[in-house]
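Examining the three-dimensional arrangement
Residues per chain, in single letters:
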Amino acid sequence: MIAFRNCAVLVIIASICSFLYGIFHIHVEVEPNACRMTYMFGQPQFARVRFDANKQFPNYGLYYYYEGVRQPVDPHKMRMTGAPVIFVPGNAGSYKQARSLASVALRKARDNPESGIHLDYYTIDYDEELSALYGGYMYHQRSFLKHCIHTILSLYKQPSPIVLIGHSMGGKLAQSVLTDAQIGHYINSIISISTPLDQPVLNLDAHLSQFYAETHELLSRTRTATHPTSTTNVCQSLHQKSPSEQRIANQELSASLDNVLLISTGGGNRDLLVHAGLTTSQFNDLHAMTSAIPRVSLSCDHLSAVWCLQFMQVINRFLFSIAQRRDDSTIIFNSNKQRNMHAALSHFVKQRTRQQSMFSFQTHSNWHEERRMVINKFFANGLKSHYHELIGIQRPERYKKLAIEALNVESDENWLFGCESHKDNETELNYCDKATPLTHLVQRLTNGDNAPRSVALLDLHNLRKTYRQWTHVMVRLPAVSQRTGYNLDIYDPKERILDIRMPRWYAYGRRTIVNETLQGTLHYRLRISELVEPYQSLRIVIEPLQCLQPNYRITAKLCVPWAAGFDRYQTLTSPDQKPGLYINVPTMMPRHYNTTLNPVTLDLYLDPICRYRISYEYSYADALSRLVLEFYGWFPAHLVCVLLIVLRKQLDKFQPAGSFKSLKPYVGYLQYTSLYIVTGCRLLKKLILNLKVLPTPEPLDYSINISIIIQCMAIGLSIVAALGVWLSLTLYGNAFHRLALRLTRLSTSGSNIMISIMTHLPITLGILTIAIALATCSGLALLLAFVFYFLMLSNAYKDYLEDYLWQKAANLVHMATGTRGTQAPTNDSRSTNAENECEREQELEQELKLETSDDSDAIENEATEDQQQQQQHDEQQQQQREQEQQPESEEEKECCVGLQNFPFHITLLLMLLVQLLLSVPTSLAWLRSRRHGIVLPDPCLLTSIVVLGSLSLLLQLRAPQKLRFYWMLSIILYFFAGIVLLYCQAAIYRLNYVIAGAFVMLAVHQSLARLILKMLH
């Protein structure tokens, strides 16, 4: 048992260190910010659009953006002719964030006046409300957004479809508008930027959870959802279409609002607020990460996503591409979803369609043919005319793959073809008079600050089988003045496609998969199996061994087979580059998915000027940092679970009064029993899913390692919090008292009277705080209760500590004088000493009376009485020594009950603090709404009233007392701890009900057990 306890302690310490290590390395995968700032060409101005709903929503507003105009603009008096776009800000977002998008659109319209296309940008002011923390805002904001849509439609002579662009929670608002079918028909497209679409980042209140649930249910009726299955693999082919695109191509738009184009985008590794896995939705048509979007190719943090110039330009290019001009010179967005989808693909994915037409070549000059397997051909000074190179596709059978790269070729240039060659009679050189373009097979890869790399991977076996008349692949380099050329690598795929199994977390060390590549190698593919959870991370190390030039570049492309739209690109220019090449997945793999058949693929496009060594290792820094970023929301649930287990342990241990143990604040906190709850809940969850009797637990099928690490961190934090509260009680109690006086503006006498009333009649605390909760908000009442509870404990602990020190000092004095034993003078012992002194005084008085008597009989009687009294005195002293030496039994000791049981009350104080922190978003919403007279629902009101009433009852009963039936209460607390881990890790707001239930059960136990004890006596 001791060995197991030591192992549990080591596991707890190691988990705490691991979690802290992950916090310190939170930026290990974050790349530098490469976004360019968007600047306005004129003074940005916002014209208020007023309508009737402004009275209903006095703190909200709708604005029209314009710049470069001195006179104020009134949209109601103008003839609005542009295509309308509405920007919806997110959590704490400002309506002024739309200026980057709108300014780029204005500049694009002015730079291309011949097209006549321009956009009208509108933006909404939500008073910078914290909609991600308090769900009550979402319903108000959605209602106002609907009014804005109706108002904007009324500004145009003919109804014009609207595009909504939502940032952060604004994207969820835009998506939720589709639940109203009447509004949905006026929506053309929705673009969400870094938006948690299907689940919130932190589910802090019931209203936010209800908003997401209602939106999901209503969208399920109006749109077709797509889910990854066990056979989904978006990495099998470069041109495999997503399920939504296949439905569009087949005209399978069965649901009523499938004609609305939904595009979601994520910021990537720099966005630490909304991680990549939350930015997609099952109702989307297209998803793209900014690092994979052509002409962006960088990661955006949560705020820079609305001002990053590269990203703003791509969004506006897409909007201009789907806009068209009417006969009356007004601009509208095209309603053909298939056409809009192709435009979105070309701008956000750059997936080029196959060209059916063939190219004809009149000239037979400047034609060349290469038969080598590896070619690196460059023209340092450029080319004056087109250069044609023929590469034969008739190769040995095992050389099935051809990788080719063109340097400094424009993205719209057709430079790769397939053709049937002919021999020129005069020059006897092969040429092609007609060729089929293969540019749809070309990928534009990011290349850092340099121009993108144009790379194509061809399967020679399939080319020969499909196009039997073809003899060559043709490279046609355009005439340019800068350095140009191409690289060619024909290889056996068995040598270049390597399988890797994801190492276990305990597998330490680096493993080499390619000791040395050949000179001229252009492509390698790594297939990684058993990489299934978001926190897992693999680090790929590519070391250049020998290079022809000092500068090289390697482009890595990561594809997750079950997650469409999460392709990731990274350019490496040195082996020690930061961040390194880390491989991880954005979402957990679907159930019953086989990663051996459908592995995560990593394509390495090497620079052929170097030889490389390729190795891999398990990345602890990145794995732990991702664990912190992905699962920090579970921490409140695990902390409450630990506090419940600690509370159960404290109810079993009542420390003796006057002992040093009674002063220990961490009694019950040094435990590892809560780890049993983690493993037990895993088994219980499987049982519940099979029996289908209880409500379904949260679908969090992650590794148990995550729960253990977070649970151990919660144990460590509970110990630190208990010690912090204890130090605050002992050292800073007076300081907090003075601070409370300043905040409440009470005098010292008034505060003493208040605390005295609360201490002797705690039920008044419950009445006062409940009244405050009903009149204002629950957070304010909980804060007041926490302050009074803290001050009560501080005063009680201060008095108890003074008595303890006085007893120890008196004990030392008695030991020095030899008048007492080593036992500390308790209250009972003090009364016994007083009685003994009175008896001795009576004995002295009797002795004086007897000495003055002259009677001889009295003298004899006096001697006899002296002997009897001396014998009786000796017997009393002997009996007293035996009692001092005999150890008292546990039942006879005076125990710390009531406010003297400080560990118990410290735990209750921490649980009250958790309840207070959970109500902070509601309190902030109440404070902001008071300015405008808006009444918002309080989701914490009921549970707060229950907690406040139960706490006042516990203090009134001087809980805890040594009563019966604590074993039943222990079982209930274990049950609550299990509920927390099964149902409250993601739904944090449910912790309010668990904490309230724990307070209620404590109050009921103390009341009923006391009543039963009285009935028995």
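Reading the values: the criteria
Residues numbered from 1 in each chain as written. Predicted model: local features only at pLDDT ≥ 70, side-chain atom pairs only at ≥ 80, totals over all residues. Heavy atoms only, no water. Helix = DSSP H or I, 4+ residues; strand = E, 2+ residues; numbered from the N terminus. Buried < 20%, exposed > 50% of the residue type's maximum accessible area, 1.4 Å probe, protein only. Contact = heavy atoms within 4.5 Å. Areas by Shrake-Rupley, 256 points an atom, 1.4 Å probe, with all protein chains shown as cover. Expected span 1.5 Å × (residues − 1). Salt bridge = Lys/Arg side-chain N within 4 Å of Asp/Glu carboxyl O. Phe/Tyr/Trp six-rings, centres within 6.5 Å; stacked < 30°, edge-to-face > 60°. Core = buried A, V, L, I, M, F, W, Y, C linked by side-chain atoms within 4.5 Å. Pairing = 2+ DSSP bridges. Axes fitted to C-alpha atoms, helices over the stretch in contact; angles between N-to-C directions. Disulfide = S-S within 2.5 Å. pLDDT = per-residue confidence, 0-100. Patch = residues over 30% accessible without salt bridge, like charges linked within 9 Å, V, L, I, M, F, W, Y side chains within 5 Å. Parallel < 35°, antiparallel > 145°, perpendicular 65-115°, else oblique. Lys, Arg positive; Asp, Glu negative; His and termini not counted. Polar contact = N/O pair within 3.5 Å; in protein donor to acceptor, adjacent residues only side chain to side chain. Left-handed = near helix turned anticlockwise from the far one by under 90°. Nonpolar A, V, L, I, M, F, W, Y, C, P; charged D, E, K, R; others polar.

**Structural notes on the overall build of the chain**
Scanning the chain for helices and strands turns up 26 helices and 32 strands. The proportion of buried residues among the 1017 residues of the chain is 52%. Long-range pairs, those at least 24 residues apart, make up 80% of the contacts in the chain between residues at least 6 apart in sequence. Of the roughly 47800 Å² that the chain leaves accessible, carbon and sulfur atoms contribute 54%.

**A word on helix H1 (residues 2-24)**
Helix length check: H1, at 23 residues, gives a terminal C-alpha distance of 33 Å against a target of 33 Å (1.5 Å per residue), a fit within 8%. The inward-facing, buried residues of H1 contact helix H12 (620-631), helix H14 (674-691) and helix H15 (704-731).

**Some remarks on the pattern of salt bridges**
As a working rule, side chains carrying opposite charge can pair if their charged atoms are close by. Under the counting rule described, the total for this entry stands at 31 salt bridges. We note a salt bridge from Asp127 to Arg931, for which the minimum N-O separation is 3.3 Å. Of this pair, Asp127 sits in the loop between strand S4 (119-125) and helix H3 (136-154) while Arg931 sits in the loop between helix H23 (920-929) and helix H24 (941-956), and the two are 804 residues apart along the sequence. Between Arg398 and Glu495 there is a salt bridge, with the nearest N and O atoms lying 3.5 Å from each other. Here Arg398, found in the loop between strand S14 (387-392) and strand S15 (401-407), pairs with Glu495, found in helix H11 (residues 493-496); they are 97 residues apart in sequence, far enough to count as distant. Residue Glu495 is classed as partly exposed on the basis of its relative accessible area of 44%.

**Some words on the side chain of Ser778**
Looking at where Ser778 falls in the secondary structure, it is placed in helix H19 (residues 778-817). Ser778 sits in the buried class, given a relative accessible area of 0%. Excluding residues within four positions of it along the chain, Ser778 makes contact with Ala773, Ser919, Asp938, Cys940, Leu941 and Ser944.

**Structural notes on unusual backbone geometry**
Omega for the peptide link from Lys578 to Pro579 comes to 0°, which places this bond in the cis form. Looking at where Pro579 falls in the secondary structure, it is placed in the loop between strand S29 (568-572) and strand S30 (581-583). Phi angles above zero are rare outside glycine, and Ser168 is one such case at about 60°. For Ser168, a relative accessible area of 6% puts it in the buried group. The residue Ser329 is not glycine, and still its phi comes out positive at about 70°. Inspection of the secondary structure assignment puts Ser329 in the loop between strand S9 (323-325) and strand S10 (331-333).

**Some points on the packing of aromatic side chains**
Inspection of the entire model under this criterion finds 32 aromatic pairs. Where Tyr63 meets Tyr95, the ring centres are 4.4 Å apart and the plane angle is 10°; that geometry is what we call stacked. Here Tyr63 is found in strand S2 (residues 61-67), whereas its partner Tyr95 is found in the loop between strand S3 (83-88) and helix H2 (99-111), with 32 residues between them in sequence. By the burial criterion, Tyr63 is buried, and Tyr95 matches it. Plain terms: the ring middles of Phe361 and Trp367 are 6.1 Å apart, the flat faces sit at 80° to each other, and that makes the pair edge-to-face. You'll find Phe361 and Trp367 in the same group, each marked buried.

**A short note on the nonpolar core**
Formed by 132 residues in total, the largest nonpolar core has its most connected members in Ile540, Leu604 and Leu644. Look past the residues within four positions of Ile540 in its chain and what remains in contact with it is Leu526, Leu581, Ile583, Leu602, Ile614, Ser615 and Tyr616. Val85, Leu298, Cys300 and Met341 belong to the second largest nonpolar core, which has 46 residues in total.

**So, the sheet that holds strand S31 (residues 600-605)**
Taken in spatial order, the five strands make up an open sheet running S24-S26-S31-S28-S29, and their pairing is mixed. The sheet is open, and its two edges are formed by strand S24 (497-501) and S29, each paired on a single side. On average, each strand axis in the sheet is inclined to that of its neighbour by 20°, with strand direction left out of account. Of the strand pairs in this sheet, S24 and strand S26 (residues 523-529) are connected by five bridges, and their pairing is parallel. Within S26, the residue paired with Ile500 across the bridge is Ile528.

**Let's talk about the state of the cysteines**
Under the criterion given, the structure shown has four disulfides. Here Cys235 pairs with Cys559 through a disulfide, and the sulfurs are 1.9 Å apart. The sign of the S-S torsion, about -95°, decides the handedness of the disulfide formed by Cys235 and Cys559: left-handed. Taken together, the positions of Cys235 in the loop between helix H6 (206-222) and helix H7 (243-249) and Cys559 in strand S28 (residues 554-559) put the pair 324 residues apart, joining distant regions of the chain. Accessibility expressed as a relative area gives 7% for Cys559, which makes it buried. Linked covalently through their sulfurs, Cys547 and Cys610 form a disulfide whose S-S length is 2.0 Å.

**Some words on the environment of Leu913**
Summarising the element assignment, Leu913 is placed in helix H22 (residues 902-918). Separated by 130 residues in the primary sequence, Leu913 and Leu783 have C-alpha atoms spaced 8.4 Å apart.

**Let's talk about the sheet that holds strand S16 (residues 416-419)**
Judged by pairing direction, the sheet is mixed, and its six strands sit side by side in the order S11-S19-S16-S22-S14-S12 without closing on themselves. With one partner strand each, in any of the chains shown, strand S11 (359-360) and strand S12 (367-370) form the two edges of the open sheet. Where S11 lies against strand S19 (residues 434-437), two bridges are found, and the strand directions are antiparallel. Bridge pairing in S19 links Phe359 to Ala435.

**Observations concerning the confidence of the model for the chain**
Chain-level pLDDT for the chain is 85 on average; 86% of the residues reach the 70-or-more range. Per-element mean pLDDT across the chain ranges from 41 in helix H20 (residues 827-851) up to 97 in strand S5 (residues 162-167). Counted against residues more than four places away or in other chains, residues 821-863, with its pLDDT under 50, gives 27 contacts. For residues 881-892, every residue scores under 50 in pLDDT, and the model assigns this stretch four contacts once sequence neighbours within four places are set aside.

**Describing the environment of Pro937**
As for its placement among the helices and strands, Pro937 is situated in the loop between H23 and H24. Owing to a relative accessible area of 37%, Pro937 belongs among the partly exposed residues under this scheme. Distance from Pro937 to Trp926, taken between C-alpha atoms, is 9.0 Å for residues eleven residues apart in sequence. Residues within four places of Pro937 in sequence aside, it is in contact with Tyr134 and His207.

**A word on a nonpolar patch on the surface**
A grouping of Phe965, Trp967, Met968, Ile971, Val1004, Leu1008, Leu1011, Ile1012, Met1015 and Leu1016 is seen on the molecular surface, where their side chains present a nonpolar patch of about 990 Å² in accessible area. When contributions to the nonpolar patch are tallied by element, the ones reaching two or more residues are helix H25 (966-983) and helix H26 (991-1016). Here the nonpolar patch gets six residues from one element, more than from any other, and that element is H26. On the secondary structure map, Val1004 appears in helix H26.

**Topic: the packing of H1 against H15**
Following both chains from N to C, one finds H1 and H15 inclined at 95°, their axes separated by 8 Å at the closest point. Here H15 runs roughly perpendicular to H1, going by the angle between their axes. Here Val11, Ile12, Ser15, Ile16, Phe19 and Leu20 of H1 lie close against H15, whose contacting residues are Ile708, Ile709, Ile710, Cys712, Met713, Ile715 and Gly716.

**Some words on H3**
It helps to recall that an α-helix has 3.6 residues per turn; residues three or four apart then point in one direction. Taking 1.5 Å of rise per residue, the 19 residues of H3 would be expected to cover 27 Å, and the 29 Å separating its terminal C-alpha atoms lies within 8% of that figure. Considered for burial, the residues of H3 that qualify are Gly136, Tyr137, Met138, Gln141, Arg142, Phe144, Leu145, Cys148, Ile149, Thr151, Ile152 and Leu153.

**Things to note about the side chain of Asp258**
Looking at where Asp258 falls in the secondary structure, it is placed in the loop between H7 and strand S7 (261-266). Among buried charged residues, Asp258 stands out as having no salt bridge; its nearest opposite-charge side chain is Arg223, 4.4 Å away. In this structure the side chain of Asp258 is engaged in a polar contact, spanning 2.8 Å, whose partner is the side chain of Thr224.

**Here's the deal with the packing of helix H13 (residues 635-651) against H15**
Look at H13 against H15: their axes get within 8 Å of each other, and the N-to-C directions meet at 60°. Classified by the interaxial angle, the pair formed by H13 and H15 is oblique. Seen from above, H13 lies across H15 with right-handed handedness. Between H13 and H15, the residues in contact are Phe635, His638, Leu639, Cys641, Val642 and Leu643 and Ser707, Ile710, Gln711, Met713, Ala714, Ile715, Leu717 and Ser718, respectively. Looking at the contact of H13 with H15 residue by residue, the class counts come to ten nonpolar, four polar and no charged.

**Points about the environment of Tyr60**
If you trace the backbone, Tyr60 turns up in the loop between strand S1 (44-49) and S2. By relative accessible area, which is 3% here, Tyr60 ends up buried. Remark: the alpha-carbon pair of Tyr60 and Leu145, spanning 85 residues in sequence, is separated by 9.9 Å. Setting aside anything within four residues of it in sequence, one finds Tyr60 in contact with Arg48, Asn54, Asp125, Tyr126, Glu129, Tyr137, His140, Gln141 and Phe144. There is a polar contact of 2.6 Å between the side chain of Tyr60 and the side chain of Glu129.

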